[in-house]
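Read off the chains here:
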Amino acid sequence: MKTSTEYRQQFEELVERAEQEIAEQPAAYKRRLKWLALLGYAVILGLLVLLLVLTGGTVWLALTSSALLLLLFKSKLIFVLAGLVWVLVRSLFVRIRAPKGYELSRAGFPHVWAEVDKLGKELGTPPIHNIILTSEMNAAIAQTPRLGIIGPYKNTLILGLELLFALTTGQARSVLAHELAHLSGDHSKFSGWIYRLRQSWTQVNGAFHASNVWGTGLLRRFLDWYAPYFSGYSYVLARDNEYEADALAGKLTSHDTAASALVAVHVYGELTGQQFWRSLYDQAYTQAQPETAAYTRLQQFYQQFPIHEDEFKRHLRTALTRKTDPADTHPALMERLKALKATGIKPETDTCKAAVWLGEKTVGVIQHFNQQWVSENTAQWLDFHQRAQTARQDVDKLAARDYHALAESEKWQLASLTERFLPARDALPLYQQYAASYPEDTDADLAIGRLLLVRDNADGICHLEKAMCNPALCVYAAEEAWRYYVRQQQPQQAGDWLIRLESAADLLEEARQERADIQGSDTLMAPNALDKAGEELVQELLGTLPQHGKVQEVWLAQKKVRHFQDNPLFVLAVKVGGFVYDEGSLQRALLDATQTQRTVFVVNTASHKKLAKKVMAVGRQIY
C-alpha cells in the first residue's frame, strides 16, 4: 500500500508532466486529456448499457419462453442477474447532495437575481437554478446531478453573507462574474468542460465513499484511481481556467476592480478572524451567554473598516508573498494580479457594500444568521465558560502554593490550564519550569516548541524534535514544524517536515485501523497488562457486567497489535445463559455495562460464538 508521501509525490509528478506536455505539445496534451475525460463517460455509459441489456434480456426471456425462465429460476441464474442489476443501479444512482443554505428566492431577493441574470446573459451561462446564502467569506458554483451520477445538473450559486458585508458592489460583481465564468460559453469550451468535469468527478468520488453502500465497490475502486488521476492530469488546464475567469471578471467590471476584489477576498478572511471572531469567542472566558447579534456586529465591523487599514496592509503583504500551492488550482494572489495586469491596487471609491443587494429583507437575513449562530454555539459556549471559570479557580489555588511543593500532575495542570483558559497570562515559563523538573516528559517539549514557534523563535524546533520521539505526538509536532517553515517561506525545511508529518499520519491511521474492529483472523493473547494493573484494571473492565442477568462468565484477552503496544487493546468474551430473544439488544446492554475509558471489544457466546471461544482459549477468566 502506498504511503501518503508517495501519493502526493505521484500527484505532483503527474502535474509536472502535464505542465511540460502542454508547454511543448499543447494539441497532443488536450487530445490525451479529452480521451481521458471520455473514459469516465465510457465507464458510466457502459454500465448503463449493461444495465439495460440485462434488464431487457431478462424480461424478454420471461415473455418468450417459460421453459427458459423456469431454467433461470432452477439454476438460480435469475438471482445472479437480479443481483448484478441491483449493483449497477446502486452504482449509477448514488445520491449526491446539493449544498444547503439560506435560499434567496427570485421574488424575495430581486436585486441579487438581477445581478446574476445580467452577468449570466453577458457571459452566456446556462441557467442558475437557485441561489443560497451561507455564512462564509466565499462564493462558488455547485453543480449537482439530479439523477445519481448521470445528470442533468442543477446549478447552485453559493454566496457568503460575510462576503456581501466585506465587498463593495463592484467587487462583489467581479466575484460573481468570476464564478459564473466557469459556466460561461465565453470560456474556451474545452477548458470549461474540463473544469466542470473535475468538480463533478470529485463530487462523485466523495459521494461513493460517503455512501459505502454494498454493490458499489467495483466502481468505487475505478473512481479511486480515475478521480485523482484525472484531477492531476487536468490540473494545469484547471489553473488556466482560473486565469480566464479572472480575465472575464476584469472585462465585465474593470481590471482594477477585479484586482481589488481578489485582494479583499484573500485578506479579509484572516483579518476578520483575528480582529473580529477571535475577540468574539474570547468573550466566553468571562461571559456566560453567547453573543446574540454576531452578524449584526460583523456588518458594523466592515462598515467601520478604514480604522483597520494598517492591519489590512500587514495581511496583504503576507498574502502577496505566498506561493501557489501545488494541490490547489487557484494560483497565488501575486500570480493572479500579474495576470490581470492591474496598474495598481487602487482604493475603492465605492463605499456601498454588496449587502445592499439583499434589499428590504437585509434585517431578516441577518437575524436568521444571528439565531443560527446562537443555536450552533450555545452548548459549546456554556461548556467552555463553565470550564474556564473552574480552571481560573484551580489556577489561582495552585499559584498560591509553593511551586516546588506541587505534585507532578499539579505542575502540569497549572501550565496547561493557564494556556487554555487564561490567555492574558504567559504559560511558556510554566511549561519550561515543568520541563526542568521532568525532562523526559515529551508533552512538555511539544507545548514549549509550539509556543516558541508562535513567537517565531526557531528554538522551538529542538523541542519538537524531542517530542517526535513519542509516536503519539509525532503528528502534532511535525505539523507545528511544517506550518512554521511554510510561514517562514523556507520550502526545503517545510518539505522535509511535510514528509515526516505524512509518515506520522500514516502510522496513526494504521493504528486506528487495527483498533477499529476484531475479526476471527486476528491474533489474540493472554492479557499481559494485568500483571501490572491487577484487580483495579479488572474491576474497571468488568464494569457492571456481573449485574446483567444473562452473564455467566467473563473472559479477558488482548488483541496483538503492531502500533502503540504499551496501550493494550482488550477483548472481553461474555458467556451468556438462557434463551436470547434479541441478540442486538443483548449486545448493546453488554457494551453499556462496560463503563471504561479504554478501548474494549465485547463479544458474547450468543452472537459471536467463534470469537468468544477463541478468547476463552487464550484469555483469563475474570468473572
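For the structure itself, look to the data block above.
The shown structure was predicted, so the numbers you read here are calculated from the model rather than taken from an experiment.

## So, the overall build of the protein chain
Move 1: Helix and strand content of the protein chain: 25 helices and nine strands.
Move 2: Burial status across the protein chain gives 44% buried among its 623 residues.
Move 3: Taking as baseline every contact in the protein chain between residues at least 6 positions apart, the subset at least 24 positions apart corresponds to 73%.
Move 4: As displayed, the protein chain has an accessible area near 32900 Å², and 55% of this comes from carbon and sulfur atoms.

## Let's talk about helix α1 (residues 4-24)
Move 1: Along its 21 residues, α1 runs 30 Å from first to last C-alpha, staying within 8% of the 30 Å computed at 1.5 Å per residue.
Move 2: Considered for burial, the residues of α1 that qualify are Thr5, Leu14, Val15, Ala18, Glu21 and Ile22.

## Let's talk about helix α19 (residues 460-467)
Move 1: Considered for burial, the residues of α19 that qualify are Gly460, Ile461, Leu464 and Ala467. Relative to the axis of α19, the buried residues are bounded by an arc of 110° and lie together on one face.
Move 2: Tucked inside the fold, the buried residues of α19 contact α18 (442-454), α20 (474-487) and α21 (491-514).

## Quick look at a nonpolar patch on the surface
Move 1: There is a patch of nonpolar side chains on the surface, built from Trp35, Leu38 and Tyr41 and spanning about 330 Å² of accessible area.
Move 2: By secondary structure assignment, the location of Trp35 is in helix α2 (residues 26-64).
Move 3: Given a relative accessible area of 58%, Trp35 falls into the exposed group.

## What about the nonpolar core?
Move 1: Core analysis: the largest hydrophobic core is formed by 88 residues, its most contacted members being Ile128, Ile131 and Tyr295.
Move 2: Per element, the largest residue contribution to this core is twelve residues, and it comes from helix α11 (residues 255-282).
Move 3: Listed in part, the 22 residues of the second largest apolar core include Ile96, Trp201, Phe222 and Val236.

## Notes on the sheet that holds strand β1 (residues 102-103)
Each strand in a sheet pairs with another by means of backbone hydrogen bonds, the pair being arranged parallel or else antiparallel.
Move 1: Ordered in space as β1-β2-β4-β3, the four strands form an open sheet in which the pairing is mixed. Each of the sheet's edge strands pairs with one partner strand only, and the pair in question is β1 and β3 (139-145).
Move 2: With respect to the sheet, helix α7 (residues 169-181) is in contact with β3 and β4 (153-160), its orientation differing from that of β3 by roughly 30°.

## A closer look at the side chain of Asp246
Move 1: Within the fold, Asp246 resides in helix α10 (residues 235-252).
Move 2: For Asp246, a relative accessible area of 6% puts it in the buried group.
Move 3: One polar contact links Asp246 to Arg336, side chain to side chain, over a distance of 2.8 Å.

## Let's talk about the pairing of β3
One face of the sheet, then the other: side chains in a regular strand alternate in exactly this way.
Move 1: Burial analysis of β3 places six of its seven residues in the buried class, the great majority of the element.
Move 2: Of the pairings in the sheet, the one linking β3 to β4 comprises seven bridges and is antiparallel in character. Residue pairing in the sheet places Pro145 in a bridge with Tyr153 of β4.

## Remarks on empty space enclosed by the protein
Move 1: Inspection of the entire model under this criterion finds one cavity of 30 Å³ or more.
Move 2: Taken as a whole, the largest cavity spans an internal volume of roughly 40 Å³.
Move 3: Taken together, His266, Val267, Glu270, His315, Thr318, Ala319 and Arg322 form the lining of the largest cavity.
Move 4: For the lining of the largest cavity, the secondary-structure elements that each account for two or more residues are α11 and α13 (309-321).
Move 5: Class assignment for the residues of the lining of the largest cavity results in two nonpolar, three polar and two charged.

## Looking at the pattern of salt bridges
Move 1: With the rule as written, the count across this model stands at 22 salt bridges.
Move 2: With a shortest N-O distance of 2.8 Å, Arg336 and Asp246 are connected by a salt bridge. Taken together, the positions of Arg336 in helix α14 (residues 333-340) and Asp246 in helix α10 put the pair 90 residues apart, joining distant regions of the chain. Asp246 carries the same exposure label as Arg336, and that label is buried.
Move 3: Here Arg297 ties to Glu291 by a salt bridge, and the two come within 3.2 Å at their closest N and O atoms.

What counts and what doesn't
Residues numbered from 1 in each chain as written. Predicted model: local features only at pLDDT ≥ 70, side-chain atom pairs only at ≥ 80, totals over all residues. Heavy atoms only, no water. Helix = DSSP H or I, 4+ residues; strand = E, 2+ residues; numbered from the N terminus. Buried < 20%, exposed > 50% of the residue type's maximum accessible area, 1.4 Å probe, protein only. Contact = heavy atoms within 4.5 Å. Areas by Shrake-Rupley, 256 points an atom, 1.4 Å probe, with all protein chains shown as cover. Expected span 1.5 Å × (residues − 1). Arc of directions from axis to C-beta. Patch = residues over 30% accessible without salt bridge, like charges linked within 9 Å, V, L, I, M, F, W, Y side chains within 5 Å. Salt bridge = Lys/Arg side-chain N within 4 Å of Asp/Glu carboxyl O. Core = buried A, V, L, I, M, F, W, Y, C linked by side-chain atoms within 4.5 Å. Pairing = 2+ DSSP bridges. Axes fitted to C-alpha atoms, helices over the stretch in contact; angles between N-to-C directions. Polar contact = N/O pair within 3.5 Å; in protein donor to acceptor, adjacent residues only side chain to side chain. 1 Å grid on protein atoms, 1.4 Å probe; cavity = no way out; pocket = protein on both sides within 12 Å on 5 of 7 lines; lining within 4 Å. Points joined across faces, edges and corners; volume = space filled by probe spheres on them. Nonpolar A, V, L, I, M, F, W, Y, C, P; charged D, E, K, R; others polar.

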